[in-house]
Structures are given as C-alpha cells and as structure tokens.
Amino acid sequence: MPRTLGVCYYPEHWPEAQWATDAARMRDTGLTWVRIGEFAWSLMEPAPGTYDWDWLDRAVETLGNAVLKVVMGTPTATPPRWMLDKLPDMLAVDAQGRPRRFGSRRHYDFSHPGYREECRRIARAMGERYGRNPHVAAWQIDNEYDCHDTTLSYSDAARLGFRNWLAQKYQSPDALNRAWGNVFWSMQYDAFDQIDLPNLTVTEPNPAHVMDFRRYSSDQVVAFNRVQVDALRPLTDAPLIHNYMGRTLTFDHYRVGADLDIAAWDSYPIGFLSDRIEGTKKEKQTFLRQGHPDNQAFHHDLYRAVGKGRLWVMEQQPGPVNWAPYNPAPLPGMARLWAWEAFAHGAEAVCYFRWRQAPFAQEQLHAGLLRPDSQPAPALAEAAQVAEEIAQMPDLDQATGNVALIFDYESAWAWDTQPQGADFEMFRLAFAAYRALRRAGLSVDILPPDTGDLSPYKLVLAPGLMTLSDPLRAALATYHGIALVGPRSDLKTRDMAIPMPMGPHLPDTDVTVTLVESLPPSDRIRLQGGGAFRHWFEHLEGTAPVHLSTKDGRPAIMGGDHLRYLAGWPDDATFDGIIGGLCDAAGLPTLQMPDGLRVRDTATMRFLFNYGMTPVDWNGTTIPAAGVHWEARP
Amino acid sequence: MPRTLGVCYYPEHWPEAQWATDAARMRDTGLTWVRIGEFAWSLMEPAPGTYDWDWLDRAVETLGNAVLKVVMGTPTATPPRWMLDKLPDMLAVDAQGRPRRFGSRRHYDFSHPGYREECRRIARAMGERYGRNPHVAAWQIDNEYDCHDTTLSYSDAARLGFRNWLAQKYQSPDALNRAWGNVFWSMQYDAFDQIDLPNLTVTEPNPAHVMDFRRYSSDQVVAFNRVQVDALRPLTDAPLIHNYMGRTLTFDHYRVGADLDIAAWDSYPIGFLSDRIEGTKKEKQTFLRQGHPDNQAFHHDLYRAVGKGRLWVMEQQPGPVNWAPYNPAPLPGMARLWAWEAFAHGAEAVCYFRWRQAPFAQEQLHAGLLRPDSQPAPALAEAAQVAEEIAQMPDLDQATGNVALIFDYESAWAWDTQPQGADFEMFRLAFAAYRALRRAGLSVDILPPDTGDLSPYKLVLAPGLMTLSDPLRAALATYHGIALVGPRSDLKTRDMAIPMPMGPHLPDTDVTVTLVESLPPSDRIRLQGGGAFRHWFEHLEGTAPVHLSTKDGRPAIMGGDHLRYLAGWPDDATFDGIIGGLCDAAGLPTLQMPDGLRVRDTATMRFLFNYGMTPVDWNGTTIPAAGVHWEARP
Amino acid sequence: MPRTLGVCYYPEHWPEAQWATDAARMRDTGLTWVRIGEFAWSLMEPAPGTYDWDWLDRAVETLGNAVLKVVMGTPTATPPRWMLDKLPDMLAVDAQGRPRRFGSRRHYDFSHPGYREECRRIARAMGERYGRNPHVAAWQIDNEYDCHDTTLSYSDAARLGFRNWLAQKYQSPDALNRAWGNVFWSMQYDAFDQIDLPNLTVTEPNPAHVMDFRRYSSDQVVAFNRVQVDALRPLTDAPLIHNYMGRTLTFDHYRVGADLDIAAWDSYPIGFLSDRIEGTKKEKQTFLRQGHPDNQAFHHDLYRAVGKGRLWVMEQQPGPVNWAPYNPAPLPGMARLWAWEAFAHGAEAVCYFRWRQAPFAQEQLHAGLLRPDSQPAPALAEAAQVAEEIAQMPDLDQATGNVALIFDYESAWAWDTQPQGADFEMFRLAFAAYRALRRAGLSVDILPPDTGDLSPYKLVLAPGLMTLSDPLRAALATYHGIALVGPRSDLKTRDMAIPMPMGPHLPDTDVTVTLVESLPPSDRIRLQGGGAFRHWFEHLEGTAPVHLSTKDGRPAIMGGDHLRYLAGWPDDATFDGIIGGLCDAAGLPTLQMPDGLRVRDTATMRFLFNYGMTPVDWNGTTIPAAGVHWEARP
Ligand SMILES: [Zn+2]
Ligand SMILES: [Zn+2]
Ligand SMILES: [Zn+2]
C-alpha cells in the first residue's frame, strides 16, 4: 500500500483567481489528495432545490489539472439556514431540554427522518454530479460524527424513534419491564408510548433504560450514515470514508465502519492532550507541544480495526489550533513526526488540516500549511520533507502484531451509565492497558469485541468488557496464548443486569466476582511483591489458581495458563510488572523504552518516535527531540 | 426496651417459591423485623383503582409464619406510571424550572393536592387490608422524605400553595411588605397573587421571602405525612414510622416526628462520609471503610429527639453501596459495630438494607446480606453475631445525658438563606460542637429549639440558633448549669431581620453583637492563650464579664456564670479547650479518647467503638479495629 | 476643585421622625452630599400613573435644611411589581433562555422599548418636580448598569432589536455574510430576520456574530441612559451622573460617559478583592481587610477618563458587605485611606454607602456609617476625620501624569469572544501592565482607544487592543515618547477577522505577528537575560530592530526608538524590568516602593497609602498600617 499526503482545502473561502496557484503549490509540496466540499452546502444549494455546481466543477477541474486527487465531502454536517425553515424541529435537544441552535455546525438531530431525506437528496445529487468524475477519487460522508457531543439528543424525534426502537426490540411492554427490572421502584410501563428519554429524572434512571437509549442513539448514527452510503454506492466506485474524531465513544464505530471502505480520523495531538486526555501535570507539561505520545498510536490502531485494515488521517494538526483550552505551537518537527507515525501504524494517507488559515469566522486562529497571507506556515516545509521521504522509501506493510487489546464501545456506554466511581470511564482503563503495552515496546492490534480468532496473538488483554460476546468467549476457550480478562469484564448481561450465576463466565475457569469496590484517588489496594490497584477492586472466589494476591491475601489475578482474570485496576508500574510477567510467560520479547521514545514495528521496518523534549540514544543512534528514526525490523 | 434486628425485603423482586426459604434464613439469622412494600405500588394497584393484594397477603403470611414481624411501607415514594396520566402536573419542578420526570423515584410534588388524595387513598386501602393483620407490627410512611432534594419544588402547585399560605399568615399584602421589608428595592406587592417563588431572580431574593418559602415547603412535608397518618391511625394500633435520611435539613423533622410514634433513619456510614460529610483528607482516608466516627452518633441522638425517645435504624448499610462518589467495602466488623452503636444510642431496632442484592435496576451494585446468587455476603455473619449478642445481654436503658446540644431546622434554613460566607452551613457548626463534646468523652442529648427545661443537663450548647424561642429563653433565665450560646444565635427576628435592640437577648446578660465577619479559609482570629476562631467572628459589646478574649483584646466569650455567648467558630483544638474549661466549671468529668475510639454511656453500661484502622488500648483492654467493647458504666 | 464627602441615604427605610436627626448628624460629621431616591419608585409612583411626591419633598427639604446637597437618583433599576403587569415581557432573559424574574433588582431588559418609555416618563416627572429644587445639586441616573450581569439579554426584545441594528449596519444580508465570513460552515443568512442571538449554538458561534451582539448590547445601555439624559437635561442644570461598578466591561463606559457630566463609581475594595480580582493566595490573605492595593487606583484612573476628568465615588465601602464570598471587616483606618486615595486620584466627592445599616431585606448584613440601632459604626469616626482633614488642606489639582495606559472596552469583548486560552481576559493583561507601572511609583492616566494626542506622556502602554483606532494610529506616528504596543494589539479588523496584510500595522515599523500561542499556567517562554512570558506568545517577523529576545532567539520586543511591539504577556518581575528599561530610555524617574505602599502624585502633592498590615518607612517617616501620608511633590 503506498503512502500519500494530502490537505483539506476550501476553495469557497478564496478568490477563484487563487485556486490554480494554490493547486500548483500543493502539487509542488508533494501532496496527492485534496479534500473539499464538506461545509459548502449553502453554495451547492443556495436555495431549496436550486443547485449551483459550476463553482465546484471548476474547483475540481483546477485541482485535477494539477494532478491532485479530490476527496469529495458531503456537506451534511452544515445544513444551510433555509433548512430550518423547511424542518423547524430538526435541531437536536440537549439533556437540559434546550434546542441546540443554528449558528455553528452539526445542528441536526440524527433521529430526524426529514433531515435524513435531505441528506439522501444532497448525497445523491453530488453522486450524480461527481461520482464518475475522474478527479474525484474518494468520498467523505458528513464530518466528525459526535463532535460537539451531538450523538445524544433529547428531542421529540428522538423520543418517538426510541419508542419505536423499543417496541421492535421487546415486542411487548411486559418483556421490556422484565428485561429492565422495572419492578424495582414501581417503574413498569403499560405501553411503549409512556416511555420517555432518560434525562431529567429525579435521581438516576434505570441503567437498563439508559443503555437502551445509548444503543438506540448509536444505531441512529449508523442509520444516518448508511443513508448516504446507499445514495452514493450506485453512483461511484471511489472508496467511501468517514473522518472520526479522537476519543469519541458515543456510537459504535465498528458498525459505522462496516458500511464504509476506509476509516479516517482527525488527529489533533496537542489539542487532544489539552482537552481530552488524562495525564499527570508533568506529562501535560512535558508533552505540551507534542501531544500525548500514546494517544495518536492508540487511535491509529483503533481506527485501523474500524477500517478493517484501511486507515487514513483525514485531518492532521499542522500548528496551533483554536479550540482547546490552551493552544501552543507544536515543537518543530512534530508535523513530520505525526505523519510518519501514522504511516508506521498503517495509514495510507495523511491530510493536513488545512491548506491556508482562513482569516475569518470560528477557526481563524487555527493554523494551516499557509498563513492567512499565503506565506508558508512552519508545517509546510515539514510536509514537503515527508513527501520526499515517502518517495524514497519502499512501501510499508502492516504486520499483524503479537499483542491485541479488545476495545468495545458498548462497554464504554455501560461504564458511563454505571461508573460506580466518580469519573470512571472505560477509555481510561483501556488506555492504561494500551500504554503499558507500549512501554514494553510492543506493537498492538486493537480488536472489536466480537473477534472470533485470537490465534495470531501471543497476548490478549480484555479490560472492562461488560459482557463477553459469544465469538470471543469461544475464541478464548481454545486460545493458546495468554489472555488477561478484566477487571469489570463479563459481569453484566446484555440487559445491564448481574448475570446468574454471577460472572465472569470464563471457559474452564472457576472464578466469580462476588463484590466490586470503587476507590477514591487517595486509596489503593496493595499487592504482594509491591504495586497496587487503584480506582477499582473486585472480590474473587473460585477454585482457579491464584497468580497474584493482595498484600492481605486476597486474589488479584486468578485463572489457568491461558486465561486469567484481573481483579483490579493496576497503577502504571504495577501494569508494567504484570505485562512483563505475561510477556515472559508468552515468550514475547519486550524492550526497555527510554523516556518519551515510542516504537512501532511494521512487517519489515521498525520506527522510533521521540516525543520527548531532549535527544535520546537508541542503540547508539541519537534521535533528536521530535525526531523519527527507522531501521530494519529485527 | 428490648433490642431487635431486622432487614428490608422485596418479595416482588424474587420468585414466590423463594420466599419461604428466605423467611427461614432470616429467622435463623436472628432477625425480628422485615420491612416490605414501600416501593410496590405498581403491584398493589396495577391499574388505577384495581388493587391486587393477593401476592402481598401471601408474602405477609409467609414471613409471619416464620415468626417475623412485618414493617409495612406505604408506597407513596414511587407512584406508578399511570399516575402521571391522571395527574400530569404532579411532578416537582427544579429551581431551573424543569419538571423532574418519571423514571426513578420520589417523582412527586409535596404541594400537589391531587397527589395527596391518591396517597390518602392507597394508605387507607392498605390500612384496611393490613391494619389488623397480626403479622404487621409497624408501619412506615413513604420513604426518605427529601431524598434527592425533593422538598423544594418550583411548580405551579407550589406557587399557588405558597400564595395561599402567605395570605393566611399575613392576611394583607401590606403586612407582608412590612414584615419582609419590601420597601427595600421597591419590592412591594399589591396582592398575594403577584408573589412568585424565589427562584430565578436577577440577584438574590429577599431573605424573608426565601425563609417563608422554606417554612412553607417544610409545612408541605408535614401536611403530606399527616394525610397518611390520619388515614392509618383509625385502622391500626401498630406504631407509625418514617425513615429519615442523613443530613437532610430541608424540613422540620421535629414537626413530622410529632405526628409519628418512632423516628427511624437510614444509616449509610460509608456512603455519607463520601458524599455529605466534610472532613480533612486524612479523615476521609482513615475512615474510608468505617464512616465518620461521629456522624452515626449525631444522627442517632438527633433522631432520638425527633422520635421523642423512640429510635430505629430502618436501613443499615451492610456492604458497598452504589450511589456515593466512591463505594468501597466496609472493614470487616463494621456491620456489627454500627448496629451496636445504634443500640447504645437507644435504637430499638436495626434493620439491614437489604436481604438480597437485586441483580437489576438502579441499585444492582448495592450490597445486601446475601449476594444476588443467594450466597452469604460478608455482613450476614456479622448480623447473626449481633443477634446472638443481643440475646445474651440485658436490656439497655438510655440515661439522660449530662450534656445537651440544641439543634434547630429553621436556623439551618436561615443559614442557607443568608450564609454570609461561601459554603457556610449551620450543620457544620453544630456538628463541630457535637464532635468536640464527643472528643471529651461525653454522651450528648440533642434537644429541639423550643425546649423549655434544661435542668437535667450540666452543660448546654446552642450554636447557630438564629432566633431563640420563648420557652428556651425562659429556660435559660433560670438555668443553673452552664449554657454556651452562639455564635450566630438570637441575632434575627422570625421575619429574618436584625432585631431592635440588636441581639442576642440573653436573660440578665448585657452583650450585643454589633457586627459580623465571615472569614475565608485562609484567615483566622487568634485568641489569647492560643487557639483561634475560623469562618466566623462577631464583634461584641456590653457590660457582661469577658471570659475569653482575642489576641488583640476583643471579647471572644462574654456572660455570667451560667449563660455565656461565644463570638466565633472555634477550630477543633480551640473547641476542645473551651469545652474542657466549661466541663471543669460545671463539674463534668471528661475522658481522654484515643484516636478513632468513641464512647457512649447508657444508664448502666459504657460502650466503646473503635472506628480506627488499628487496635487501641482502653484501660488495659485491647479493642481491635472495628471492635466494640462494653463494660459497666463507672 | 474642592473635595467633599457624602453618604447614601434611604429616608423611606426610616420613620419620618428620624429624618431631621439623621440630617443633623450627617452635617455634624462633615458630610456635604446625600444621595437618595434611586430605589424608591414604588413610593414615588405607588400605582401606575399615580405619583406621590410628598414624602420625597419633605425628605429633600429636611436634608436641605441641614445644608446638605441632594443627589437625586432615578429609580429605574427597581421598577415596581405593577410594571410587570403593564409590560410582561420586560424581563431580561439569561443565556440559558430563562427569564430573570422579579424579586430583587435590575429586572429589566435594556432592549425593551416599552420599559424605556416608562423610564423617560419617571425621569421627566422627577425632573419636573426636582429639577430646579435648590437642594438638589446633582442627579444619578439608574444604578450600577450591568450589575448582576444584566447587560446581555437573550430576550425577544433583544432578538428583534439586534436584527434591526444589523440591518441598519449592514444594509443587506450579503454584506453581513461577507463581513462575518459566513461562507465558513454554510452559515449564510438570506434575511435579517433569520438571525438569532448567539446563544445555545451547538458549538461556538461565529466570533463576528458575537462581537456584533456585544456592540449591540453596549449600544442599548448607551441608548437607555440617553433616554433619561434627554428627559432631564431641559429640566435641570445640575450635573448628571451614573455610578458604575468595578470591573464591569460589558458596555462602553466612555460612550455612556460622553452623555453625562461626571463619572462616579461604587468602590467596594474588600468585596472586590474577594469576588472579582485575581491575586495570589498570599495577596488575598495580606490584603483581606484592605482590598487589592491597585484596584481602587485603577478604577479611579479609568473612571476619571470616562468622566472626562470629573470623578466621584458614589458608594464607598464603610465596613463588611454582605455579597462577597467572604465578608471580613476593614482594617481600622481603611475607610479614611480609601477616601483620601480617591481624592488623590481626582475624586471631587466620596459618598459612603450607607448612612445606616437597614435591618431588613437583602443587604441587612451590609454595614453603614451607623449600626441598625443608630449607634456609630466604626467608619463614622473615620469619615469625620477625613472631613476635618479636607477642611485643613488646600484644593488638589490633578496633574496630567507622565504615563498613560490605553484601555478599550471593545477589545475586552473581543478577548471574551475569542480568549484562545482558558480564562484569558483583557482586563487581566491591562491590570498587570497598570500594576507594573504602579510598582515603579508612576502616576498613570488611562486613555480611551480613540485618543488622538499622546504628547503629554513620556511613556504609553497599549496592551491587548484588538484594533488600533485611526486617531491613535495617527498619534503613534508622530509620537516622541515611547509607546509599547501589544501583545494582542492591532491583530484584528473591526469585523473580528485577521487583517490582510496581517497586523500589527504600526507606523513606520515593520513587524508582523505570524502566529499566536496561548499557554497553560504550567508553561512559560523564557527570555534572554532572565524573565519570561506567561499565558500568551506571538511569533514576530519583520525588519524592525529587536530590543528583547526569547532565550532561544526569537523576537520578544521589536520596533524603533518610539514605537515598539511586545510579543507576550510578561510575568510581574519581567514587566518590572521592561517598564524600568523604558522609563530609563524615556527619562522618567521611578521609585522603589516598599511592600504594600502605593504612591499617587497630584499637581502639587505626593500621597502615600500603606495597604500593608505593618508600618513602613518612607524616607524616614513611618507610615502605619492603613495609614495615609502626604508631602509636597518633589
Ligand atoms: Zn479534468
Ligand atoms: Zn398468619
Ligand atoms: Zn428648602
């Protein structure tokens, strides 16, 4: 698979006279792809039913003439103002009951049938116009689903849709009452149309109620996306893509991904470190201008799974952004490092956001490859360097790694619904496990929860999976590597209840979680031989062998040679010890990674990325701050 | 008075086939009481006016056959979904104006006349069915008034009710305008129906307006409760009980208690430490698995007063709960300790919540005496041990203590209405005084604010009482012990104004508060001889003798031999010194309590409770962590 | 200009029999002014159209007979309850869409045309009654515009007004779309009545949209004030005044001030330190009972500019207030110090708030010169001392200082609209610059952003001015002192876009800001020779000389001898060094100020104010804590 670079471009922001110059500079920088169109509905259709394609035809032609390939975006994340006159109730409603109004973007409700029809119409119209255009080589549908917390809506459309969804799922109110346990607190319903959305209840709503609403809401994203897929498929052979965001967990990306050809994501390492990644004060300061050294890798690996192997970065941060709490500039070299890291993790294309910083509107302080006055911004030269380096390096093939991490969206909702400890989120646990694997120098594959074959892997981690799927349980039953399941795995039914007999139900492994404890930050459960659990601890019973105990003699890890259950949330050093022991047992070699350095192996090459602020030595090679090093894979 | 144990049970959660086994196990554990019914309205009355008592008859009979006594709960905290079709406006409305919707519990407005009628109806129907049932030996009305902040509602029903209440109280708008001081800021009303609830004003509303709304809201709880009392009284001779919550101050418990026979409360020591008790970081960590060592005692003493001497614990935490910010498991032994502490403070019954952990719905992660799979949870054995110990010990009689603390709900509202310092609450001051008394090894009685006889006590504290009642003022005038009044006592009229002449108006004691200061956490007022006031300081004038001064020579305690006024909020060590001095003067012996150890004297016995994490020595006896020790009272 | 003292008085709060005694005591205290009337609408007009002036006539006469001069306040900040029956939609609406209800004060919407008419009517009626009354010597219009965040309203009246305002400004939707850059995210409007207020959008609204709403909202305050000015001007020759609040930046005070004769402000040093001034923990504790030592001075200097040289303090804190998070009492002497400081900064009158503490309603815990029982509160003697001291000292004339700071309200809105870093506010930067000047012992003039003559000053600072005005740019072009412009100055067009070519556009100074960075609190950009930038850093390019560089060699200050651009936000010590260097270059002598001591020079006198808690030595003179010292200006 060749590696390519690209850029996001908004011809509508600039005088048409400038387009050809821009295109020539893009080509000269070594770019292959140009994404356009995804916010331009008001220009494509200035009045309801009145299309204006001329400007877009010329833009595509100008870019194509510069031998650039176009990624055409459907503009459904930004319906024009006139759409609200047609569909006044199309706005999402927040959990406080307030409509989320026009004036920015993503002002629509996934549940609204009328708006879905409008999306089908514009997608079809675009497909008809550009589906066979030789310069349009890929499509992006909508933009950043869930960005600005837009998956969950408490609108009338959502209420009606949810009731229908429940009726289809349960067929009778009694079945729903039984599944949810509504006998508790006299919550039984006599009819589906008595059921409300689970917001603004006096105290917490039934977790089964919330979970079904979360599933319903995820399904709406899948259905919304599918409408456009169905509209475009007959009209184009180009791959269909969506650009996901970082740490968005409110819909099942695997299911959206199943309808698409490639999973792209929008990578803003510095913005994400500032606004959505936990970290110590020291980490936040050390990586202020680089981003968290594991966050990009995690998302590359996750979205490679979502894309069934095909991964893009559709938007790559090139300089300071405008939307994070604080917006410093990247360390020189990071725009190159991030691109190479994406390639090392399997990306086919990395597109910088954006060609030129627009001097107006919401993102005027968001950098591009060019300054607003068309002078080069710092990242332009770094992009050009990457383009040259790509040209000189053979294609990279992803190897299937030796290590896998199971990651499940539905479990993330279950944690949200029932955190049991303030601020507990499944992502934090999964990311803690991922970081521990990375600190051991391992290259990780992330797998969906219905994975049925673990045989390629010597080590598999399955933390926080509320319910094990049947295929995964079957795969575990015959697995010959080492699987470490838990904590908080397989402790719930799909109805968000405690199963009977109590979980986990691990094949041939007699272990039961009898009680769970959530711990405040000040507390820890100390382990024999040092180390501790934080945040979470489960009381285990059963006849399975105990591999690790707490200091006061309670089981911390139980299970057999191949399948073990972890009873708590290890702190970082403890996770290192546990992973180290498992790798030794599994015959997996590990690496001692210097501070700030991260490694990624492809089929043939080993890549090293220095996220630190100072040079590090790697087997005699000095890798500078923000430096990338590659060598043949050992 | 004999001591008994019990448990909360939900037959409707379990197959009927299991009931008899459950009942037998309860009896074998040594339990006497089983509370049932309080959330089962939807099963008692599955459709409006259609009752189904059969299942409940059988449940009562099954329990009764096992020689268990039933506490029958009226289910008015959980009206069924069909109730909203009958009474669409029955929901409470939060301070932001949003209805608090169906889907959990306590979804009703205390002010709603229609819902009160429904409650009268179901209570009467239950009374008719079970009022003379030989197995039903007590009644619980509703469940945990105010839980989930449900006392205050900003609904139309509340608005209308409040206007009528004001009209009855003031008779004319002019009288109200004068009482409230509405001449300030042109706030006069011309008619009662111009008066709104005091939420969503531009800046703070008139404190007199707020106070009347707080009194009105409390009155609604009293009236709501009385409706069911009136319905049940003619139909049963069993005692009527309500189970209050911890640190709920929004209604006058004494007035609700006046209509009932026993005050019960729901004691969740670990949950409360996590979510509603201030404490240092160290205390929060030290007592993480035990609860605050004074909080249970305080509530036992308070609710003993509310119950006019009759106290129960209706729900006793047995293991981790699900609703606090963090939910660790209790230290082994605490389920026993908590029960014994309740008995030492006069409880007649302690009922664990709940028999078996339900695997579904909101509280599925809340432990019981049994696990969801019917295996014993850790607390079952501790309950059985308590039952055996009870059987072997003579009855305990409460002694009237030597020390009293006056505690007043209306003053708590006045502090809320006019804290003057961020986060100041009367409870914190009263609890600080209570803890100081406990550190001195004293057994405390809590008294209502209209107490007219202080003669049983050698020492009385009256902190934070905004207005002294006439009976209390009269009692103070002839008191021969030592009463320490203040700070912030008797400084307001009942109309929430500064009295003229300015307060306090202490009998034969010339002291006036001329000015009050609230202090940020960083500040303190140092006292002569060491120690300091925190949070609050009043400037005193008058001819009464000065007993203590600030370092710069201002009065800190003034008054005569029997009646003194305290000008500030002493820090813990200072409170110890003040209490020590008063006890010496009053001839009250004090104790040096080791860390974590607490004492409670009954008429004949002294009980010691080790809340600490390590054993302590008590006069040569080693009391282990979570240990209880008793000996003859010296 | 003579200096005078006064007091705020509410005859309507007290029995008429008391008025004459009060007046005599005021006169005996040495007071000149009595402000009355500003909250008494309900008594002036008890029913719609029914006026009652008799009581007010008598109050004026009683005060006048005691040779006191009356400041008559229009009562438009507190419309009576009946006004809502006339104008049910007159209430402002908060950003969450909730009407801000009756029950306190300032319950009106600046945009509401009906309410403006009511204000015109009452102002005219008062003017007709008292405009020529010999005792009424000044007028106050309304009270504390914007207090309780009342400038911005999201009401229907505001929505309609905003649309009309936009239509007048832009004339066509296309012009607006172009100016705002609505092509971004398909936000174009087809008609002005499609435009909503910029609240409750899905993510941030267009900053140009927000800025126009901020300008519109400020204009409404100006227009609202002008209605009363126009009503009163023909009816009186007395000066018209408004009493502004501290750190209120939501409307353009210069424009309101342009219609008035005097700018007054309400100075609550201790309350403001607690609730609206940033400070280190140490500063908050050190100045707890004195207020921030630069905040009063800053506002005096600012409002002297707003008043075109005429400054009053209309409300001066005399003791503890009731509305701040914590409300300690002032250090003895502060009520005198604050008054003298105001005089030193040019105040003609200082009026204490209030004569007597009212024992009822919202501010019952807000001190006055008298206690509620008419006994002297501590500040009464201090006021009397100031009155004596005034009588013994010659008049003070303000000198134009040597140093100026440009302060611009519109820029403050631009920072709010686009802070780029969490919690960044222009006020903080301007105040940091002001404090640095004060630490150097300089007396500062604050100038509006359209200042066209800088020639009186040797040094001018212009931090954070988003757009330089034409007059200011022209003044800078010919300036012969040293002007330090930036950071974040002249980087935006009036349409809130990045200008092309990029800014700043400094006369004859080739410097361009190519990129901005916002920094978290943990980060800093170190400078050569020590010191650092915090919060903010701009990348500079150009051929102008570099005066200061970062440690890694990037420009920190660039420009010529007279006009320089500052690229970041210096920390305090760094600001001291920069100011020191500029003063040396400008030939401005500086002072070494001891901790807590502040200096202010008038034309002939030098004043020193000791804000510290301990005495300080000043050239051999010991100035006690809370002490004031004056000497001939050197
Ligand atoms: Zn072509
Ligand atoms: Zn029976
Ligand atoms: Zn006269």
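Residues numbered from 1 in each chain as written. Chains lettered and ligands numbered in written order. Predicted model: local features only at pLDDT ≥ 70, side-chain atom pairs only at ≥ 80, totals over all residues. Heavy atoms only, no water.

With that settled, consider the sheet that holds strand β3 (residues 69–73) of chain B. Residue and element names in this part refer to chain B. Strands sit in the order β1-β2-β3-β4-β5-β6-β7-β8 around a closed barrel of eight strands; the barrel is parallel. Neighbour-to-neighbour, the strand axes of the sheet open up by a mean angle of 30°, direction not taken into account. Taken together, the four bridges between strand β2 (residues 33–36) and β3 define a ladder with parallel strand orientation. The residue of β3 that forms the bridge with I36 is M72. The strands touched by helix α12 (residues 295–306) are β5 (240–244), β6 (262–267) and β7 (311–316); relative to β6, the strand with the most contacts, the crossing angle is about 160°. (Pairing = 2+ DSSP bridges. Helix = DSSP H or I, 4+ residues; strand = E, 2+ residues; numbered from the N terminus. Axes fitted to C-alpha atoms, helices over the stretch in contact; angles between N-to-C directions. Contact = heavy atoms within 4.5 Å.)

All names here are of chain C. Structurally, A305 is set in helix α12 (residues 295–306). Owing to a relative accessible area of 18%, A305 belongs among the buried residues under this scheme. In this structure the C-alpha to C-alpha distance between A305 and N206, which are 99 residues apart in sequence, comes to 32 Å. When residues no more than four places from it in sequence are discounted, the contact partners of A305 are Y254 and I446. (Buried < 20%, exposed > 50% of the residue type's maximum accessible area, 1.4 Å probe, protein only.)

This paragraph deals with the relation of the copies chain C and chain A. The two copies are related by a screw operation: chain C maps onto chain A through 120° of rotation and 0.0 Å of translation along the axis, at an RMSD of 0.0 Å. Such a combination of turn and shift is consistent with a three-fold rotation axis. Residue C:Q96 of chain C places its C-alpha closer to the rotation axis than any other residue of that unit, at 5.6 Å. (Least-squares fit on C-alpha atoms with pLDDT ≥ 70 in both.)

Another aspect to go through is the interface of chain C and chain A. Of the residues lining the interface, 50 residues belong to chain C; the matching set on chain A comes to 50 residues. For the chain C face of the interface with chain A, the top three residues by lost area are C:F184, C:W185 and C:V202, together amounting to 19%. Our count for the contact surface shared by chain C and chain A stands at four salt bridges. Between C:E517 and A:R289 there is a salt bridge; the shortest N-O distance is 3.2 Å. (Buried area = accessible area lost by both parts, 1.4 Å probe. Salt bridge = Lys/Arg side-chain N within 4 Å of Asp/Glu carboxyl O.)

Parsing chain A into structural domains produces domain 1 (82–130 + 140–254), domain 2 (403–586) and domain 3 (597–632). The centre of domain 1 of chain A, based on its C-alpha atoms, is set 43 Å off from the matching centre of domain 3 of chain A. (Domains from an automatic or database assignment.)

Counting 644 residues, the largest nonpolar core has A:F407, B:F407 and C:F407 as the members making the most contacts within it. Among all residues touching B:F407, those that are not within four sequence positions of it are B:L249, B:Y254, B:F298, B:L302, B:M426, B:F427, B:A430, B:I446, B:L447, B:P448 and B:P449. (Core = buried A, V, L, I, M, F, W, Y, C linked by side-chain atoms within 4.5 Å.)

Residues and elements named next belong to chain A. The feature "active site" (unreviewed entry), as given by UniProt, occupies E144 and E315 in the numbering adopted here. With the annotated positions falling across 172 residues, the maximum pairwise C-alpha distance of 10.4 Å places them together in a single cluster. On the secondary structure map, E144 appears in the loop between β4 (136–140) and α6 (156–170). Judged by relative accessible area, which is 2%, E144 ranks as buried. In this structure, E144 is in contact with R105, R106, H242, N243, M245, D266 and E315, ignoring residues within four places of it in sequence. Within the secondary structure layout, E315 lies in strand β7 (residues 311–316). With residues up to four places along the chain from it excluded, the contact list for E315 reads C8, R35, N143, E144, N243, W265, D266, S267, Y268, C351 and F353. Engagement of the side chain of E315 in a polar contact is seen with the side chain of R35, the distance being 2.8 Å. (UniProt positions renumbered as here; feature names shortened; annotations may be inferred. Polar contact = N/O pair within 3.5 Å; in protein donor to acceptor, adjacent residues only side chain to side chain.)

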